[in-house]
Structures are given as structure tokens and as C-alpha cells.
Amino acid sequence: MRYSSPCNSPYLSTLNSTNTIPTRLRDANMESSMSHSDTPRIEHTSPRDWKYISEGGSTIVFSYAGPSHPQFDGTALRLRKRPVSAAAPTQGVPHGYETQQSSENQADGDTSEKAEKEEEADEPDDPTIVFQRTVIERLVPRAHLPRLDAVHVARAWLAELAALTEPLRPPERRAADAIDTDRRKAVLATNLVGGEGWAVEIKPKWGFLPAPTLLSPATRPIKTRTCRFCMHAHLRRTTQSEGASNDNDGEDSYCPLDLFADDPARARRALHALWGAWIASGGTVNNLRVFVRGKMVKPNAADPASLAPLAEQLFHGPQVPAPSEDRASTTAADALRDAFTSAVQPLLQHTPVLRTLARLQRMLDALDVEGLAALWARRRGADVPLGHGEPDPDVAEWAAFVDAYLARRRTEEEGEEEGEEGGEDSEAELRYRILAYLLSASFKDCSIILRLPPRSQSQPQPEGAPAGTVTVIDLDVKRIGRLAKWAALDAEIVDAYRGVAQPRVCVDAGHGVRAGD
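So, a few notes on the structure that sits alongside this text. (Residues numbered from 1 in each chain as written. Predicted model: local features only at pLDDT ≥ 70, side-chain atom pairs only at ≥ 80, totals over all residues. Heavy atoms only, no water.)

A separate point is the overall build of the chain. When helices and strands are counted, the chain shows 18 helices and 11 strands. Considering the chain as a whole, with its 517 residues, one finds that 50% of them fall into the buried category. For the chain, the exposed surface amounts to about 23400 Å²; the carbon and sulfur share of it is 51%. (Helix = DSSP H or I, 4+ residues; strand = E, 2+ residues; numbered from the N terminus. Buried < 20%, exposed > 50% of the residue type's maximum accessible area, 1.4 Å probe, protein only. Areas by Shrake-Rupley, 256 points an atom, 1.4 Å probe, with all protein chains shown as cover.)

And the structure:
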């Protein structure tokens, strides 16, 4: 099945008719259009009731720690950020999802309750909510996705929370961005790191090597030998100007392909590498974070007590048992690392989450950004930057894209060849590949949360099933405007790695898998 772009698709041309809107899209829109009385209001709590957890490039997350409240107990609040320099557009919000605020109210500085209610009526739910309901839930089992709901927020409430939070944020974050106080809606989600027990956040990154077919002769031997993450880590090391990097080019550094492999020994090596980088960085690396009872653990190599909260979860007290002669661990630090790995690895490998992410990444990025750029150049011209002038997809087009993607999957699984309608260089095919690459980028940049019960509260599990849950988070919508930057970065990464004397050989366990498998 060929994908038709919005201007050519008879399916999309009739989306405005109620009778032709797909049920899943209509349901998502209905859920996103709840009456104001159905949507919780955050100002029913105090900003002091929300505790800073962590933040990423476009959002900042808080957990509820106030008096018992039926709507907010056990929840986390996810707020959008905006650059501190200006009234620049908020990051991560594509076309079709934008905040529609009253420019008159902004110009006049009108912050009255009436003005804020008018803004609420105009502002759609956060794109993450609609994107998950329309797209992600059709590709990833719901059991491994967080519950996401809209919540109303007020300008004064956000301003107070921002003032309370600024001293707790990393300096580099404070210099770059701040809470967007112009937002009238935010995301309320299940708090996956709070409460009793402990949780681990892992950002796996890219789990495959690109197919060689569409790579240039100059890049093919490099890209099919060393994974994107390992090459990018090398570039960061060579260009880092502030302090020494915690990464290294050796076989002991983290490689995502090890984590994604079904081989227990390789997965264990990946977890050990993540642990080592976490310890060496004092918990500042973003590929691994550990939380105990809702608080982020910040390891300090000079202070063993910094790991006591985690030791309490892994052992019967805050002290790590002394290594014995029959154990592989030779130090207390090794014993804690090994206990951590033994607790996390069975849960990680028992669920289908990593296999699902690797498959989606590979299938959606079937061309590599190089092949996508080549297809773009054939249609638009080599002098036009990748993605330039191309509109971001709206919710309706994303729904149509998933239809087309799943239809292609069914065709390939049945062993049938696709028809030649439109040809590989058609406008429709270009549009399909652009959206596929954007969606692949969402799966490459997401995180997973492993939530494990306290040692004293572990319940008997079905035979072979480890205790705990695995949830995929941060599946944000990506913008077409970033494609040219990604293509340029890709070229820079490969050029920097070209001269490495002893390049790392990354083993892709799914190397023989077709883009459609």
C-alpha cells in the first residue's frame, strides 16, 4: 500500500466529515475535548505540594507530595518549557497542536480569571496526550505506556512553582530555558518513580545498524560497523570543552546494541556500562537515573553513604554485604552493581519493550537519514535543505500514516510485493518516509521506567515473571524542521569517526531483519 500525502489522499480529504473520521481519531478528539469541569485544576493544590523530579530538553517533571487528594495522589506533573531568551516558540510542539492564545490578552498583560478561562477554551491538550492516543497506542501495548491526562494550570500558580524550582535546577538548564507560564494546560501522568520501592530510568537510544543498501560508498563501511550512539559519543568526547568526559572508546563503554540484544551476557555488559557511567558522573548522565521512594539517587564516589537508599532496596539494610570468596564481586561497589543488575535485567528482558522499540526504530527508519536526504534531493533538488517548506503533520495525517504503515506491515508479513503505484520517488512516498523517520526519532529518543517493589513487599509472581513494571515514556512528537539539523549532525558524526584508528565493532542482533520484519 502506498501512502498518499494530504493533498492527494481521498481518505484525508474527507476527514472533516464526521462519518469518515476513524473511530480512534474521533475518540482521541472527544477525550481531548472534555468539559472544563472534567479536567482537574492544578490550582486546587499548592505549588509547594509538587516536588521537582527531573527534566529533559522540552519538559520538566514534578511529583505530587501534598495532602491526600483523589485527583493528584500518585501523579506526576509534566510542564512545557520555553527558551529563556525570548518569546521564542515552545520546543517540541508541531503544526496542528499549537497553543491558540489571545494575542490581545498577551499584549495587554491581562491575567484576569476571565482571560485565563478564554485561553483555556482555545488551548488544545498537550500534543503528547493526543499523539499517544492516536499513534503510539496502536504500535506499543498499552500495558507499557503511562496514563496521560490533561490538567488546567494557571499563570500565577506556574510562576510561583517556577520561583520555587529554579534553585533546584542544574545551572545549564536554568541558563537555557524555564517553565512556560503562558500555558493553560499540562500533562498529569502516573508517578512511575514515587511511592515505596525504587525505579530505574534508562534511555536506550538507537538499537540497530542501518541497512547498507542506501548508504553511500564513503559511509557504508563506517555506519554498518559502529552504531550511531557509539560514534556520537566519540564526537562528544572530541569536541567537549568543559571537563573530562565520562565516556570512553573502549569495549566497556555503553553500546545500545548490547542492551537490545537477547543475549543475557551482552545485556549485563550494557547495564554494567550504564552503571559505571552513572557512578563516574555523579548521576548526571541521562542514560541512567535511579529513584528511591521518589527521590533521585546522586552517587558520590567519595561518599558510600550516597548509595545507602539503593542498598536498602537491594539488601536487608543500608550496608552492602562484604564480598565473599564464592562471589564474582571483589568490592562492595561491585556487589552493589551486581545486585542492581540482577534485579533489573530479568524484568528488562522478560517484557517485549526493548524488542518492540528496536523493531519500530528499524522499520520506520528504513532509509537512514542519508537515504531520506537522497530521496528528498531527487524530488526537491540538492540545493533545498531537507524538510524545508514541508508542513508538519497534524493529528489526522498521523492517523492516516499509521493506517498506511500497518497496511505495509501486513503486506510484507504475508510475503506480498507492494504495488508500483506512485513509484519509490513519488511525492507520496517522500511524505511517507519523512513521517516514518520522524516517528522513528520518537522511539530513538524515548526512555523506559522500570518500577520495582521494595524488597520486603515483593509479591509472588506468575512462574518466570519477575516483579515490577516497564513503561515507555517521553514519546514526543518530532518536528520536520529538525530534519536538516539531524542530517548535518549525522554527517559530522561519521566524519569525526572516519579517522578512528581502532573503531568499535557493534553487533546488531537483528542485522538480518528486513525493514518490514
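A word on the pattern of salt bridges. Taken as a whole, this structure holds 45 salt bridges when the rule is applied. The shortest N-O distance in the salt bridge between Asp495 and Arg498 comes to 2.7 Å. Here Asp495 pairs with Arg498, and both are found in helix α18 (residues 483–498), just three residues apart, close to one helical turn. Taking the relative accessible area as the measure of exposure, Asp495 reaches 46% and is therefore partly exposed. (Salt bridge = Lys/Arg side-chain N within 4 Å of Asp/Glu carboxyl O.)

Across the sheet, five strands lie side by side as β9-β8-β7-β10-β11; this open sheet has antiparallel pairing. Each end of this open sheet is capped by a strand with a single partner; those strands are β9 (295–296) and β11 (469–473). Examined bridge by bridge, strand β10 (residues 447–452) and β11 share five bridges and lie antiparallel to one another. Each residue of the ladder has a partner; that of Ile449, found in β11, is Thr471. (Pairing = 2+ DSSP bridges.)

Before going further, it helps to spend a moment on helix α15 (residues 368–380). If you check α15, its first and last C-alpha atoms are 18 Å apart, about what 13 residues at 1.5 Å a residue would give, namely 18 Å. Buried-residue contacts for α15 involve α8 (220–223), α17 (427–444) and α18. Two or three places before Glu370, at the start of α15, stands the capping residue Asp368, its side-chain oxygen 3.0 Å from that residue's backbone nitrogen. Directly after α15, the chain includes Gly381, whose backbone phi takes a positive value near 110 degrees. (Expected span 1.5 Å × (residues − 1). Contact = heavy atoms within 4.5 Å. Polar contact = N/O pair within 3.5 Å; in protein donor to acceptor, adjacent residues only side chain to side chain.)

In this section: the environment of Val200. Position of Val200 relative to the elements: it lies in strand β7 (residues 198–202). Excluding residues within four positions of it along the chain, Val200 makes contact with Leu288, Arg289, Phe340, Val344, Ile448, Ile449, Leu450 and Leu452.

Inspection of the secondary structure assignment puts Glu201 in strand β7. There is a polar contact of 3.4 Å between the side chain of Glu201 and the side chain of Ser447. The residues contacting Glu201, other than those within four sequence positions of it, are Asn287, Leu288, Arg289, Phe291, Ser447, Ile448, Ile449, Ile473 and Asp474.

Core analysis: the biggest nonpolar cluster contains 81 residues, and Phe340, Phe401, Leu439, Phe443, Ile448 and Leu450 have the highest contact counts within it. In terms of residue count, the dominant contributor to this core is α17 (10 residues). In terms of nonpolar packing, the next biggest core, distinct from the first, is built from 18 residues, Tyr64, Val153, Ala154 and Ala162 among them. (Core = buried A, V, L, I, M, F, W, Y, C linked by side-chain atoms within 4.5 Å.)

We now examine the pairing of strand β1 (residues 50–55). Regular strands show a simple pattern: their side chains alternate between the two faces of the sheet. Pairing geometry for β1 and strand β2 (residues 59–64), over five bridges, is antiparallel. Across the sheet, Glu55 pairs through a bridge with Ile60, a residue of β2.

Here we take up the side chain of Thr165. Relative to the helices and strands, Thr165 resides in helix α6 (residues 155–165). In this structure Thr165 comes out as buried when scored by relative accessible area, which is 3%. Within the structure, Thr165 has its side chain in polar contact with the backbone oxygen of Leu161 (distance 2.7 Å). Residues in contact with Thr165, not counting those within four places in the same chain, are Tyr52, Ile60 and Phe62.

Turning our attention to the environment of Arg359. Within the secondary structure layout, Arg359 lies in helix α14 (residues 353–364). Its relative accessible area of 32% is what places Arg359 among the partly exposed residues. For the pair Arg359 and Ser440, spaced 81 residues apart in sequence, the C-alpha to C-alpha distance is 9.8 Å.

Turning next to the pairing of strand β3 (residues 75–83). Burial analysis of β3 places eight of its nine residues in the buried class, which makes it a mostly covered element. The pairing of β2 with β3 spans five bridges and is antiparallel. Residue pairing in the sheet places Ile60 in a bridge with Leu79 of β3. Two elements, β3 and strand β6 (residues 185–190), share four bridges in a ladder whose sense is antiparallel. Residue pairing for β6: Thr75 is matched across the bridge by Thr190. Bridge count between β3 and strand β5 (residues 177–179): three bridges; the pairing is antiparallel. Note that in β5 the partner of Pro83 across the bridge is Asp177.

Tallied over the full model, the rule gives 14 aromatic pairs. Look at Phe229 and Tyr254: their rings are 5.3 Å apart centre to centre, the planes differ by 80 degrees, and that puts the pair in the edge-to-face class. Note that Phe229 is positioned in helix α9 (residues 228–239) and Tyr254 in the loop between α9 and α10 (256–260), a separation of 25 residues in sequence. Here Phe229 and Tyr254 have matching classes, each one buried. Through pairs of rings, three or more aromatic residues link up here, namely Phe131, Trp398, Phe401, Tyr405 and Tyr432. For Arg408, the ring lying beneath its charged end belongs to Tyr432, and the centroid distance is 3.6 Å. Its end group placed over the ring of Trp206, Lys444 keeps NZ or CZ at 3.8 Å from the ring centre. (Phe/Tyr/Trp six-rings, centres within 6.5 Å; stacked < 30°, edge-to-face > 60°. Lys NZ or Arg CZ within 6 Å of the ring centre and 35° of its normal.)

Turning our attention to the packing of helix α16 (residues 395–413) against α17. Two quantities define a packed helix pair, namely the angle between the helix axes and the distance between the axes. Remark: α16 packs on α17, axes separated minimally by 11 Å, with the N-to-C direction vectors making an angle of 95 degrees. On the basis of the axis angle, α16 is roughly perpendicular to α17. Mapping the contact onto sequence places Glu397, Trp398, Phe401, Ala404, Tyr405 and Arg408 in α16 and Glu429, Arg431, Tyr432, Arg433, Leu435, Ala436, Leu438 and Leu439 in α17. Considering only residue class, the contact of α16 with α17 consists of nine nonpolar, no polar and five charged. (Axes fitted to C-alpha atoms, helices over the stretch in contact; angles between N-to-C directions. Parallel < 35°, antiparallel > 145°, perpendicular 65-115°, else oblique. Nonpolar A, V, L, I, M, F, W, Y, C, P; charged D, E, K, R; others polar.)

Mapped onto the elements, Pro124 comes out in the loop between α4 (113–122) and α5 (127–134). Residue Pro124 is classed as partly exposed on the basis of its relative accessible area of 30%. In sequence terms Pro124 and Ala150 are 26 residues apart; their C-alpha atoms lie 9.3 Å from each other.

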